[in-house]
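Architecture and fold: a report
As a plain string of letters, each chain reads:
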Amino acid sequence: MATDLKADFWKRIDNVQAGLLTASGERPVPMAPQADADDNAIWFITAAGTDPEKAAHGGAEAAFYVADPKADIYANVEGRLEISNDSEKLDEVWNAFAAAWFEDGREDEDVRLIKFTPHKAEVWLTESSAAFLYEVAKANLTDDTPDGGEHGQITF
């Protein structure tokens, strides 16, 4: 069953609650992505002084790693970070999760918006847990390997 891997990537990444973002050899840190296929961007909200914020000031190359069985997606996404001063975009992506990290909420002076522009990704799109368990059971009965879903490389 062939799918449009890039379109499915954007649909599923939108349901991811968190992944690991790393830039310029820094340690990976958990971040909540806000996907925007129309802008070819994944947005993150962070605080001033964090590793992602520092890397974004320099336009660093970065990677975002996703392993989310609820969203049925696993991915290694490579791209570029940059700081954004787009107040309207920040309003659009602001949420209760981000608010919990900032004492003064959206108006906190430490709030920073980061734009991650993906260049390429390796993506695994899986089926639901029940469908995958069926594939495992079937494989054990037939000596085949389970169908883990769609897998491939995409460029943006």
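The paragraphs below set out a description of the structure included in this document. Values in this document were obtained by computation on a predicted structure and should not be read as measured data. (Residues numbered from 1 in each chain as written. Predicted model: local features only at pLDDT ≥ 70, side-chain atom pairs only at ≥ 80, totals over all residues. Heavy atoms only, no water.)

1. Some thoughts on the overall build of the chain
Helices and strands together make up the secondary structure of the chain, namely five helices and eight strands. What you see in the chain, going N to C, is helices and strands ordered as α-β-β-β-β-α-β-β-α-α-β-α-β. For the chain, the residues scored as buried account for 39% of the 156 residues in total. In the chain, of all internal contacts separated by at least 6 residues, the share reaching a separation of at least 24 is 69%. Accessible area of the chain: about 9,000 Å², with a carbon and sulfur share of 48%. (Helix = DSSP H or I, 4+ residues; strand = E, 2+ residues; numbered from the N terminus. Buried < 20%, exposed > 50% of the residue type's maximum accessible area, 1.4 Å probe, protein only. Contact = heavy atoms within 4.5 Å. Areas by Shrake-Rupley, 256 points an atom, 1.4 Å probe, with all protein chains shown as cover.)

2. Points about the side chain of Glu 53
Considering the arrangement of structural elements, one finds Glu 53 in helix H2 (residues 51-57). In contact with Glu 53, other than residues within four places in its own chain, are Thr 46, Ala 47, Ala 48, Ile 83, Arg 112 and Ile 114.

3. Brief notes about the pattern of salt bridges
Tallied over the full model, the rule gives eight salt bridges. Across the pair Asp 36 and Lys 89 runs a salt bridge whose closest N-O atoms are separated by 2.5 Å. With Asp 36 in strand E3 (residues 34-36) and Lys 89 in helix H3 (residues 87-93), this residue pair connects regions lying 53 residues apart in the sequence. Since its relative accessible area comes to 13%, Asp 36 is described here as buried. Here Asp 91 ties to Arg 106 by a salt bridge, and the two come within 2.8 Å at their closest N and O atoms. A residue pair is termed long-range when its members are at least 10 positions apart, and Asp 91 in helix H3 and Arg 106 in the loop between helix H4 (96-99) and strand E7 (111-125) qualify at 15 residues. (Salt bridge = Lys/Arg side-chain N within 4 Å of Asp/Glu carboxyl O.)

4. Some thoughts on the packing of aromatic side chains
Summed over the entire model, instances satisfying the criterion amount to seven aromatic pairs. Relative to Trp 10, the ring of Phe 9 has its centre 5.2 Å away and its plane inclined at 75°; by these criteria the two rings are edge-to-face. A single burial state applies to Phe 9 and to Trp 10, both of which are buried. Joined through ring pairs, the aromatic side chains of Phe 9, Trp 10 and Phe 156 make up one cluster. (Phe/Tyr/Trp six-rings, centres within 6.5 Å; stacked < 30°, edge-to-face > 60°.)

5. As for the pairing of strand E6 (residues 73-84)
Strand direction decides the pairing type here: strand E5 (residues 61-68) and E6, joined by eight bridges, are antiparallel. In the sheet register, Phe 64 faces E6, and the bridge partner there is Val 77. If you look at the hairpin formed by E5 and E6, you'll find four residues sitting between the two strands, and Asp 72 has a positive phi there, around 60°. Examined bridge by bridge, E6 and E7 share twelve bridges and lie antiparallel to one another. Looking at the pairing, Arg 80 lines up with Thr 117 of E7. (Pairing = 2+ DSSP bridges.)

In short, geometric facts, not functional conclusions.
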